[in-house]
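Spelled out, the chains give:
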Amino acid sequence: MSPKKKFAGIEHEVPQNTKSTVVRLCGHLHGQRVRLTVVALSIVIYVALSIWNPMYSAIVIDHLWQSVQAARQAGTPFSVTGTMGRELVQLTVQYLFTWLFYYLQSYLMANVAESLVLELRSQISRKLNRLPLRFFDQNKAGEILSRVTNDLDKIAEVLQTGLLKLIVAIGTIIGSLIVMFYYSVPLTLLFLVFMAVSMAVTNVVARKNLKCAADRQETIAVLTGVVEEYYNGRDVIKAYNHEEESIQRVSQAAEANRAANQRADFLTNCVNPLIRLLTRLAQVVIAVVAGKAMLDGSMSVGVVQAFFQYVNQTAEPLTEASYMINSLQAALASAERTFQLLDEEEERPDPEYPAVVERARGAIAFEHVSFGYTPDRLLMKDISFTAKPGQKIAVVGSTGAGKTTCSCAFTR
């Protein structure tokens, strides 16, 4: 695979070497250990509270329902007793702490992600000043710019949202399913059947969406490269009367990007209504079965409402699991391309103590010189000439033949 394809090509939005990419990312996050530790603790507490809150609410609702029934049978007005008041206050405090720990983990993770992106951008900025000419000859400036901005933005976005959602979803789903099985095995199995159908639909759409997302990234890179190239060469384009051709080329690239964006956005937005429809159907069926169980006395009112809370907080993470995993894969692929840029072979540095020419006569002789970025594509072949003092040498050739590159090679 050529360096250009390795850096600029987007054949697959999955990393080729996941393990090494993850290890390098963790290495860059080494300085964020304190924040990440607090984030981990916040996630653990948040998941624990998310699982405990519906269970405790079932107890509170059952006590409240018993108080209402007792007041009705006794013919006295209903009133909240001291114990009931304390339970309601405790439940409110629990939900308040749940929000607090969610806010804390989101805030700190955003800080970690932006600090990581800032560090990578700084490294890339220094790296671009040390890359040889062949790198810029093989990669358009617009494509490099697109990779540096889009890939790093994707890493930051996934670290801030996707990674947190995935970790929280795994813990919440496992804990919620355990409690749901404890409350009712048949209702839980019924719920899992509907979720299996939802996940199958999500996986089909996710695979197509992944390809469309890769096409969108590729068309963005092409459009950015074309616009940057034509903008820098606008004087040459005007001088050679190529305005119409350049406008047509930009229009084609913009149209390709529009079509790719439309396909990707449609697939992203169409799946949620379908999944929510399946979830609502599951809730209707579960409500009918749970209502019968409540009438039979095998389930209480508090347990039924708690079961529905677990259904709501489990259904969406299950259906979005594929998207979360795909987002993480895309972010790892972006990180891998970023590291490929950072690993590009650098230009040989100038000597620390260069030779000093005492008496320069200004005569330069080229004897059988060949030059090119790759051995199979030489820009100069067996060139011999002498530039005498005060003499001007012109490099002549057709457009795109490599005159500017050769001139840069001469001056070096």
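Look up: the structure comes first, before these words.
Since the model is a prediction, treat every value here as computed from it, not as a measurement.

Draft legend 1. Local environment of the side chain of His28. Residue placement: His28 occurs in helix 2 (residues 18-28). Given a relative accessible area of 15%, His28 falls into the buried group. Reaching out from His28, the side chain makes a polar contact with the side chain of Gln123 at a distance of 3.5 Å. Beyond its immediate stretch of four places on either side in the chain, His28 contacts Leu116, Glu119, Leu120, Gln123 and Phe339.

Draft legend 2. Geometry of a nonpolar patch on the surface. A surface patch of nonpolar side chains, amounting to about 830 Å² of accessible area, comprises Val89, Val93, Leu96, Phe97, Trp99, Leu100, Tyr103 and Tyr107. As for its placement among the helices and strands, Leu96 is situated in helix 4 (residues 82-128).

Draft legend 3. Region of the structure containing helix 2. Thr21, Leu25 and His28 are the residues of helix 2 that are buried. Along helix 2, the residues classed as buried sweep out an arc of 55° about the axis, all on the same side. Looking at helix 2, the residues exposed on the side facing more than 90 degrees away from the buried face are Lys19 and Val23.

Draft legend 4. Here's a closer look at the environment of Ser198. Positionally, Ser198 belongs in helix 7 (residues 185-232). Note on Ser198: relative accessible area 0%, which makes it buried. The spatial distance from the C-alpha of Ser198 to the C-alpha of Leu277 is 9.5 Å, given a sequence separation of 79 residues.

Draft legend 5. Representation of the pattern of salt bridges. Tallied over the full model, the rule gives eight salt bridges. For the salt bridge of Arg130 with Glu346, the shortest nitrogen-to-oxygen distance reads 3.1 Å. Separated by 216 residues along the polypeptide, Arg130 in the loop between helix 4 and helix 5 (133-138) and Glu346 in the loop between helix 10 (301-342) and strand 1 (364-371) bring together distant segments of the chain. In this structure, the salt-bridge partner of Asp151 is Arg337, at a minimum N-O distance of 2.9 Å. Placement of Asp151 in helix 6 (residues 141-183) and of Arg337 in helix 10 is noted, with a sequence separation of 186 residues between them. Shared partners join several salt bridges into a network, and the residues in it are Lys127, Arg130 and Glu346.

Draft legend 6. Fine view of the packing of aromatic side chains. In the structure shown here, the tally under the stated rule is eight aromatic pairs. Ring geometry for Trp99 versus Tyr103: centroids 5.8 Å apart, planes at 25°, classification stacked. With a gap of four residues between them, Trp99 and Tyr103 both fall in helix 4, about one helical turn apart. In this structure Tyr103 comes out as partly exposed when scored by relative accessible area, which is 47%. When the centroid spacing of 5.8 Å and the interplanar angle of 50° are considered together, the rings of Tyr182 and Tyr183 count as tilted. Taking relative accessible area as the criterion, Tyr182 reaches 66% and is therefore assigned exposed. Under the relative-accessibility criterion, Tyr183 is labelled buried at 18%.

Cut-off values and rules
- Residues numbered from 1 in each chain as written.
- Predicted model: local features only at pLDDT ≥ 70, side-chain atom pairs only at ≥ 80, totals over all residues.
- Heavy atoms only, no water.
- Helix = DSSP H or I, 4+ residues; strand = E, 2+ residues; numbered from the N terminus.
- Buried < 20%, exposed > 50% of the residue type's maximum accessible area, 1.4 Å probe, protein only.
- Polar contact = N/O pair within 3.5 Å; in protein donor to acceptor, adjacent residues only side chain to side chain.
- Contact = heavy atoms within 4.5 Å.
- Patch = residues over 30% accessible without salt bridge, like charges linked within 9 Å, V, L, I, M, F, W, Y side chains within 5 Å.
- Areas by Shrake-Rupley, 256 points an atom, 1.4 Å probe, with all protein chains shown as cover.
- Salt bridge = Lys/Arg side-chain N within 4 Å of Asp/Glu carboxyl O.
- Arc of directions from axis to C-beta.
- Phe/Tyr/Trp six-rings, centres within 6.5 Å; stacked < 30°, edge-to-face > 60°.

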